[in-house]
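Coordinate analysis (summary)
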Amino acid sequence: MGRGTAPAGSLWRAKRDGPAELAAVHPPDGEGLPPEAHRLAAEAALHAGRPVIHSAEGRHLLTAVTRAKPAAWVAVVEQGAVPPRQQAIALEGVSSALRWLVWAIENGLGHERPSARAGLGSEELLSLLAVALEPQPPTQTALAVTTELASILGAERVSLGRAEGNEVTLRAMSHTANPDLRSALVRSVMTAMQEALDQDAVVNWPNATESGLALGAHRALSGSHGASVIWTIPLRHGEELIGALTAEFTTEANASDSKYAWLRRLTSLLAPALDLREKAAENFWRRCKRLVAEDLPEAIGWE
């Protein structure tokens, strides 16, 4: 999946009492509704001071507003017609993504350059968040995100795992629509993720060999499948450990320190968006099971 699969979106910045000014647009080639439609949606959100749904040419423009000194930021994401019962959830998703995006920009993430080939500015961050917010099954979202990241980083492979109880399961592997969970490669990747999660530690193989961490699974993945550098980063949503991201590089030159630092910060931006998509897609009984597991012990005084 390429960037064109993500919904069109835009990011706007407005100084106090000033007009909304375009800061970034996705996709950059101008697909989607005209910028004027996005500007009107952004101005409506600024005037209301809260997320709104703006209609244009038979489509819904979902907006979110966050205020940060010295300016306010507005995100606009195009969707098809959003059913009324899903509108509140859709708006919350855009609002959450905007908060993370503004945090990333204010902390310099949108100005770093992981490689000369793939300079990441606000447009690239907006692209990744648009991919994460596209209304599709979580497995397809995960595939789109891992494939996008592999392309940006120049990695041989990027994999995403979901923590379920004390075990990790593979959600996606870049450029692979239906990874065989019984294959040696998938088992090796999942074992490496489990190794990082069990220690609640970020692993940068082989640079982590002096860290005192158990690294047998990463050593085996490297030896069996040709990766000279492996990064595994546990993913958190708040205090909850929700999974892990593993990036494999066949050449050390592609795995620069700046990319590593950038990816570590990016995971804190994307993890909550992916977690929200996963939980929003749960069926009724699975959601009940999760809520009971999370809330019942506290309610009856077990915690």
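Before reading further, recall that the structure is shown in the block above.
Note that this is a predicted model, so its numbers are computed, not measured.

So, about the side chain of R157. You can see R157 is positioned in strand 6 (residues 157-164). For R157, a relative accessible area of 12% gives the class buried.

Burial within strand 5 (residues 71-79) is extensive, with nine of its nine residues counted as buried. Burial along strand 5 is two-sided: A71, W73, A75, V77 and Q79 facing one way and A72, V74, V76 and E78 facing the other are all buried. One ladder, built from seven bridges, connects strand 1 (residues 9-15) with strand 5; its direction is antiparallel. The partner of L11 across the bridge, within strand 5, is A75.

Attention shifts here to the nonpolar core. Formed by 28 residues in total, the largest nonpolar core has its most connected members in L149, W231, F249 and L263. Of all the elements in the fold, those that place two or more residues in this core are helix 4 (138-153), strand 6, strand 9 (229-237), strand 10 (240-249) and helix 7 (257-280). Looking at which element gives the most residues to this core, the answer is helix 7, with eight residues. Setting aside chain neighbours within four positions, we find W231 in contact with V203, N204, L245, T246, A247, F249, A255, S256, K259, Y260 and L263. L170, M173, A196 and A244 belong to the second-largest nonpolar core, a separate cluster that totals 19 residues.

What follows covers the environment of L197. Assignment of secondary structure puts L197 in helix 5 (residues 184-199). Put simply, L197 and G243 are 46 residues apart on the chain and 7.6 Å apart in space, counted from C-alpha to C-alpha. If we ignore the near neighbours within four places in the chain, the residues touching L197 are A163, V168, P234, L241, G243 and A244.

Calculation notes
- Residues numbered from 1 in each chain as written.
- Predicted model: local features only at pLDDT ≥ 70, side-chain atom pairs only at ≥ 80, totals over all residues.
- Heavy atoms only, no water.
- Helix = DSSP H or I, 4+ residues; strand = E, 2+ residues; numbered from the N terminus.
- Buried < 20%, exposed > 50% of the residue type's maximum accessible area, 1.4 Å probe, protein only.
- Pairing = 2+ DSSP bridges.
- Core = buried A, V, L, I, M, F, W, Y, C linked by side-chain atoms within 4.5 Å.
- Contact = heavy atoms within 4.5 Å.

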